[in-house]
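Topology and contacts: notes
Residue strings, one per chain:
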Amino acid sequence: MRRACRACCYCAALAAWCEIDVANLLARRYKGRSKFIFLTQLTVAFAMVVVGLLLDQCSERRGLGLLELPDDKYSSGGTACDHKLHLTLRHGLFGLSTVIFLISVLESILNASTRWHQLRSMACSLEAIVWPYRARVGRFQQSITDSARPRDRAADRYQCVAR
């Protein structure tokens, strides 16, 4: 096992703290993206329910099925405005379902929540190594016979996590 000099050990500890900061920063970004995508999906799904209920009410009032249109705009006692509203609601429901599909595709491409959890886990595990090293406890405890023991163990341990 190769012994690490003090400067290298200081650089490794500093690099570890920098990696922790970067991982936490990226984890916060991915968390924000994940929450934004979830909120957007929730909002679009709520809008789909509202439009579906309005379409159902409009269809019941005209005596039609949910997705059927009469051949004549004015049959069943409906007006041109009712026909346009029914048609607009149908197109709106289709558009909202397309939007929620595209949001789901974007979510699967970005994979933000998985990345957020992995980055947060890596930052916590790296921080769990750095703090015992700074406090010289556990496996990094000072030895009377081998003063470089904490530095050697930190260098070995840091390289295992950084890979």
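Now for a description of the structure that goes with this document. Every value quoted in this text rests on a predicted model; they were computed, and no experiment measured them.

Across all of its chains, the model carries 1 aromatic pair by this definition. Relative to Trp131, the ring of Trp17 lies with its centre 5.4 Å away and its plane at 80 degrees, an arrangement referred to as edge-to-face. One end of the pair, Trp17, is in helix H1 (residues 6-62); the other, Trp131, is in helix H3 (residues 112-135), with 114 residues separating them in the sequence.

Let us look at the nonpolar core. Counting residues in hydrophobic clusters, the biggest one holds 8 residues: Ile37, Val44, Val51, Leu55, Cys58, Leu89, Leu96 and Ile103. Those elements that place two or more of their residues in this core are H1 and helix H2 (80-110). A per-element tally of this core places H1 first, with 5 residues. Not counting residues within four places of it along the chain, the set of residues in contact with Leu89 comprises Val51, Leu54, Leu55 and Cys58. Ranked by size, the runner-up nonpolar core spans 7 residues in total, among them Ala23, Ala27, Tyr30 and Ala112.

For the rest of this paragraph, the subject is the environment of Trp116. Considering the arrangement of structural elements, one finds Trp116 in helix H3. The class of Trp116 is buried, set by a relative accessible area of 16%. For Trp116 and Ala23, which are 93 residues apart along the polypeptide, the C-alpha to C-alpha distance reads 9.1 Å. For Trp116, the residues in contact, after removing those within four places along its chain, are Ala27, Tyr30, Lys31, Ser34 and Lys35.

Positive charge collects at one region of the surface, where Arg28, Lys31, Lys35 and Arg120 lie side by side. Here the element with the most residues in the positive patch is H1; it accounts for 3 residues. Summarising the element assignment, Lys35 is placed in helix H1. Residue Lys35 is classed as partly exposed on the basis of its relative accessible area of 46%.

Rules used throughout
Residues numbered from 1 in each chain as written. Predicted model: local features only at pLDDT ≥ 70, side-chain atom pairs only at ≥ 80, totals over all residues. Heavy atoms only, no water. Phe/Tyr/Trp six-rings, centres within 6.5 Å; stacked < 30°, edge-to-face > 60°. Helix = DSSP H or I, 4+ residues; strand = E, 2+ residues; numbered from the N terminus. Core = buried A, V, L, I, M, F, W, Y, C linked by side-chain atoms within 4.5 Å. Buried < 20%, exposed > 50% of the residue type's maximum accessible area, 1.4 Å probe, protein only. Contact = heavy atoms within 4.5 Å. Patch = residues over 30% accessible without salt bridge, like charges linked within 9 Å, V, L, I, M, F, W, Y side chains within 5 Å. Areas by Shrake-Rupley, 256 points an atom, 1.4 Å probe, with all protein chains shown as cover. Salt bridge = Lys/Arg side-chain N within 4 Å of Asp/Glu carboxyl O. Lys, Arg positive; Asp, Glu negative; His and termini not counted. Charge placed at Lys NZ, Arg CZ, Asp CG, Glu CD.

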